[in-house]
Structure formats: structure tokens, C-alpha cells
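Each chain is listed here by its residues.
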Amino acid sequence: MTFVLAIDQGTTSTRAILFDEEMRVAHIAQEEFRQIYPQSGWVEHDVEEIWASVKSVCGQCVARSDDIAAIGITNQRETTVVWNRETGEALHNAIVWQDRRTSEFCEELRAEGFEEVIGHRTGLLADPYFSGTKVRYILETVEGARELADAGKLAFGTIDSFLIWRLTGGKRHVTDATNAARTMLYDIRKGRWSTTICERFGIPMSMLPEVLDCAADFGTTDLFGPDLPILGVAGDQQAATIGQACFEPGMLKSTYGTGCFALLNTGAELVTSENRLLGTIAYQLDGQPTYALEGSIFIAGAVVQWLRDGLGIIAKAADTHPLAEKADPSVELYLVPAFTGLGAPYWDAEARGAIFGLTRNAGPAEFARAALESVGFQTRDLLDAMRADWTGAEDGILRVDGGMSASDWAMQFLADIIGAPVDRPKVLETTALGAAWLAGMRAGVYPDQEGFARTWALDHQFTSQMDDATRDRRYAGWQDAIRRTRG
């Protein structure tokens, strides 16, 4: 049997997944790696630990099959690596998408009006979230980096680009359009790197990778035996959009991993948000970009990790659901998980987490319920902004995936608070599936776009059970909590 290998390089772990000819999961290997916090609001990864985890999990999967047609890669987006072209070594730890160290420079960009230039060309905001300011930071702070960059000896890439460089033995410095679109350096209207933005940031164009379609020839690797072609690449949220078969304008998905990311397919139209959402590329095939509106929440599944590792009130993530069910319904606790600032639609890098509504009756169960509810409330923030920005978003069903989507309790509250159906697919590995389909379709193993869309299957639809008055009251309480947090 022929297989496709998907590399899912995430924020807290790396996974490799073998998909068979019917796009069923045949084997999964996973390894966690360190999260490095040099100071408040800073987040880094050791790229050598990431690389070691990729080699390990891929090796475990390859050992299960001698017939792999192609490799697909999906990755944590915006996380930034700068490495020496001659040695292949990184100059600095990877600076993670959650990192806020470039807030001051972003304020400077906004003050001078340059955010308008960024928004028009890239669809993004002047925020530390994106890669461009991280590259500048490395060039400005690492001794000798500027000189090496000016001499053409440095390469920049998001994690996909760095992995492809290593997998191909330094032969290919490439990325795909979805990852390029998250750098704050790529003109998504013209489909090329922006010289205007690169010059303002002081980033030589020689550092930037070649940008390809999501399904393309990214090179071959011989690390796992005979040459294996890398034929599909997409940033994790775009890969999930593909894996959910959100190919028609108006289709909407939300992925619940470390953070939460909602993408709305807007087709050939790049929507300019009036509500501080992002315009981005959902996917690019045959040279044609399909655009999306995106809302990004920094803390979703990470709030459950905080309950486990920070507060110690649960032993494992699965304990959250049954604990939340025990909460006193008369205690309405609001947890705003702004541990590293607030994402869309607020984009407040200086906000920090807060809890409101504490009483003597509030305990572990109420904290667990408030944590799960915070994800639903934040999702509604995004969907309300999308509906205000684009009429095609008004009545859409929300397709969900990611670890937290397995919680019936969390998904029911989500349907309740947004007042719309929530569809959970049978295949929850949608991010890896999206990368696998891109590679498998390119290799001729998997069906085309239309055929793939027909394979999407519903596991469960959650419909709202909450009355309008309760929904409005609960959401008003959340909005008040947000105002107090930001105030």
C-alpha cells in the first residue's frame, strides 16, 4: 500500500502521521520539546531540538512503510529562524509567534503611519505576532548578524522553510504562499516580497526564500532512504482549512490548538477588515491565491495547560470537561487568558490575564468551566467581527478541529454562545490531513479538490441550546471583562 507522510511541526510538539491511500491515519509518532521563556512575554524554541524531533518522528513512521509517495509539511506559522547559509546553523533560538519583544518597534511603525502600508500590501497589522519584526530584532541584536546579512550569507525562514533546507541538505531555500503571507514582508496582492517593507525593516532581500504554491516541488530528501519528494506545504491554520475542505467562499473553520484560529474563505476577494481582522491567503494552487479573513486568539488549549501546569488543579487535559460540569451554575466566573496579550480583534500586546466574578464559592470546578468558556467567548469575538466585515459570513456553519474540539462540553458551549451550528468532522487530524492531501494530490495518489471535498464526513453537529436572553447576558459579561482587562 502507498502512503503519504505528513510532518506537523507545532508549537509544543512535532508529529509525523502516515496516511494511507484512503487518507486514513495509519500511524502517528509525536515528541514534545522545550518552551523557552527568557523573560516575560518572550517565547523561544531551540531549532536543533525541533530538528531532532522531526528526524525522530519521521524515522518512526518511515519504519512502518517502504512505499511512501510524498511528504507534506505543515508548521507553526510566524515562528522565525535566521541561519547561516554556509554552516546551516541558526544565529539565535527560533522566536515563536507568541513572542511580544518587538512591541516597541511596532508602536513606532504605527506612530509613523507605516501600518497602513503593511495592511495594504500584506493584509496584516503592525504586531509582534508576525515574522518581519522578529527578523529585524535578530539582525539588530546578534553580534555580526548585520554584516553577514549584508554579505548575503544569512537565510530567513519560517519553520517550514528551515525544515526543507535541512531535509534537502541545503539545496532548497523555499516556502509556500501561506507561510510567506504571515511574515509581514510579502505582498499578497502582487504575489511577491515587498521591497518597501523590507527596506523599512532593514532586511536584505537576499535572506528571503522563493515562494511556491502549496502543492509544488519543494525538493527531495534522502534522510529516510531513497529520495522522497516534498510536494505539499501550508501553514498550520491554512492546512486545517484545506483539511476541512473549506474550498467555497463563505465556508468557515476554527482550529483549537495552543491558540485558536478562525479562517473564513472569501474566494478571489481580499477583504479589507474594518474590525482588525487579518486578510491572508487561505491556499494557493496553480498560481491562483484564494483569500481569507482570519481571526487569531493566542490562548485556547494553552489555558487548559495553565490549569494543569500553573494551577495544578487537573492532572491531564481530559480532566477539564468533567471538572467543569461540577461548577456551581450560580457562580459566573470570567477568565480572560491574556497571558501574552490579546489577539484579534483587540490586538493589545500589553494586556495581561485577569479573572472576574470571584466569590467564596469559586473553586477548581468554576476555574475549569471559565477556562473552557473563555475559548467560546473569544471565538464569538472573531465571528462577530467577520460578520461585520463580510456579508458572506452571516449564516455559516462553523467547522471545528484541534485537540479541544474533542470536548463535547466545550463545543456545546461554543454553539450556545455563537448561536450557530458547530460541525465536528470524523477526522480530527485536519491540519496534518491538509498537508498530506496537498502532497498526495500532487503525487497523483489522492483525488482533486472536488473529490477531496466529497470525502469530508460529519461526526457530530452541535446546535445552540441556549436562549437568546441568556446568550446576550453572558456575552455582555464577557465584553465587560475585556473592557476591565484592557483598562
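Shown above is the structure to which this text applies.
Quick look at the structure, then.

Parameters at a glance
- Residues numbered from 1 in each chain as written.
- Predicted model: local features only at pLDDT ≥ 70, side-chain atom pairs only at ≥ 80, totals over all residues.
- Heavy atoms only, no water.
- Pairing = 2+ DSSP bridges.
- Helix = DSSP H or I, 4+ residues; strand = E, 2+ residues; numbered from the N terminus.
- Axes fitted to C-alpha atoms, helices over the stretch in contact; angles between N-to-C directions.
- Contact = heavy atoms within 4.5 Å.
- Left-handed = near helix turned anticlockwise from the far one by under 90°.
- Nonpolar A, V, L, I, M, F, W, Y, C, P; charged D, E, K, R; others polar.
- Buried < 20%, exposed > 50% of the residue type's maximum accessible area, 1.4 Å probe, protein only.
- 1 Å grid on protein atoms, 1.4 Å probe; cavity = no way out; pocket = protein on both sides within 12 Å on 5 of 7 lines; lining within 4 Å.
- Points joined across faces, edges and corners; volume = space filled by probe spheres on them.
- Core = buried A, V, L, I, M, F, W, Y, C linked by side-chain atoms within 4.5 Å.
- Phe/Tyr/Trp six-rings, centres within 6.5 Å; stacked < 30°, edge-to-face > 60°.
- Patch = residues over 30% accessible without salt bridge, like charges linked within 9 Å, V, L, I, M, F, W, Y side chains within 5 Å.
- Areas by Shrake-Rupley, 256 points an atom, 1.4 Å probe, with all protein chains shown as cover.
- Salt bridge = Lys/Arg side-chain N within 4 Å of Asp/Glu carboxyl O.
- Lys, Arg positive; Asp, Glu negative; His and termini not counted.
- Charge placed at Lys NZ, Arg CZ, Asp CG, Glu CD.

**Description of the sheet that holds strand 23 (residues 458-462)**
Overall, mixed pairing links the seven strands, which are arranged 17-18-16-15-21-22-23 in an open sheet. Strands with a single pairing partner mark the edges of an open sheet, and in this sheet they are strand 17 (278-285) and strand 23. When the angles between neighbouring strand axes are averaged without regard to direction, this sheet yields 30°. In this sheet, strand 21 (residues 398-401) lies alongside strand 15 (residues 252-256) in parallel orientation, the contact comprising four bridges. Its bridge partner being in strand 21, Lys253 is matched across the sheet by Arg399. Packing against the sheet, helix 13 (residues 408-418) makes contact with strand 15, strand 21, strand 22 (422-425) and strand 23, and its axis sits at approximately 150° to strand 22. Across the sheet, helix 14 (residues 430-443) lies against strand 17, strand 21 and strand 22, angled at about 40° from strand 17, the strand it touches most.

**Concerning the packing of helix 1 (residues 47-62) against helix 6 (residues 159-167)**
Describing two packed helices takes the angle between their axes plus the distance from one axis to the other. The contact between helix 1 and helix 6 brings their axes to 11 Å, and the two run at 65°. The hand of the helix 1/helix 6 crossing is right-handed. Of the residues in helix 6, those touching helix 1 at Val47, Glu48, Ile50, Trp51 and Val54 are Ile159, Phe162, Leu163, Arg166 and Leu167. Across the contact of helix 1 with helix 6, the residue classes break down as eight nonpolar, no polar and two charged.

**Focus on the pairing of strand 5 (residues 68-75)**
Side-chain positions along a regular strand alternate between the two faces of the sheet. In terms of residue burial, strand 5 counts as a mostly covered element, since seven of its eight residues are buried. Inspection of the sheet shows strand 1 (residues 3-9) paired to strand 5 by seven bridges, in the parallel sense. Pairing of Asp8 across the sheet is with Thr74, part of strand 5. Two elements, strand 5 and strand 14 (residues 228-235), share five bridges in a ladder whose sense is parallel. Residue Ile73 lies in a different strand from strand 14, and its bridge partner there is Val233.

**Focus: helix 9 (residues 236-243)**
Across the eight residues of helix 9, eight count as buried, placing the element largely inside the fold. Turning to helix 9, its buried residues number three or more, namely Asp236, Gln237, Gln238, Ala239, Ala240, Thr241, Ile242 and Gly243. Ala245, located one to two residues past helix 9, shows a positive phi value of around 55°.

**A closer look at empty space enclosed by the protein**
Inspection of every chain in the model, using the stated rule, returns four cavities of 30 Å³ or more. In this structure, the largest cavity occupies an estimated 90 Å³ of space. Lining the largest cavity are 15 residues, with Ile297, Leu342, Gly343, Ala344 and Gln378 positioned closest to its centre. Looking at the lining of the largest cavity, the elements with two or more residues in it are strand 18 (288-297), helix 12 (364-389) and helix 16 (468-486).

**Some details on the nonpolar core**
Judged by nonpolar contacts, the single largest core of 107 residues is most densely connected at Leu185, Phe201, Met207, Tyr256, Leu398 and Val422. Here this core gets 12 residues from one element, more than from any other, and that element is helix 12. Discounting residues that sit within four places of it in the chain, Leu185 has contacts with Thr122, Gly132, Phe156, Trp193, Ser194, Ile197, Cys198, Phe201, Ile203 and Leu208. Leu18, Ala29, Val57 and Cys58 belong to the second largest nonpolar core, which has 36 residues in total.

**Observations regarding the packing of aromatic side chains**
The relation between two aromatic rings is expressed through the spacing of the ring centres and the mutual angle of the planes. Under the counting rule described, the total for this entry stands at 22 aromatic pairs. Relative to Tyr137, the ring of Trp42 lies with its centre 6.0 Å away and its plane at 80°, an arrangement referred to as edge-to-face. With a gap of 95 residues between them, Trp42 in the loop between strand 3 (25-32) and strand 4 (44-45) and Tyr137 in helix 4 (residues 131-141) connect regions that are remote in the sequence. An identical accessibility class is assigned to Trp42 and Tyr137; each is buried.

**Observations regarding a negative patch on the surface**
Among the surface-exposed residues, Glu21, Glu22, Asp66 and Asp67 lie close enough to one another that they form a single negatively charged patch. Tracing the sequence through the fold places Glu22 in the loop between strand 2 (13-19) and strand 3. Relative accessible area serves as the criterion here: at 54%, Glu22 is assigned to the exposed category.

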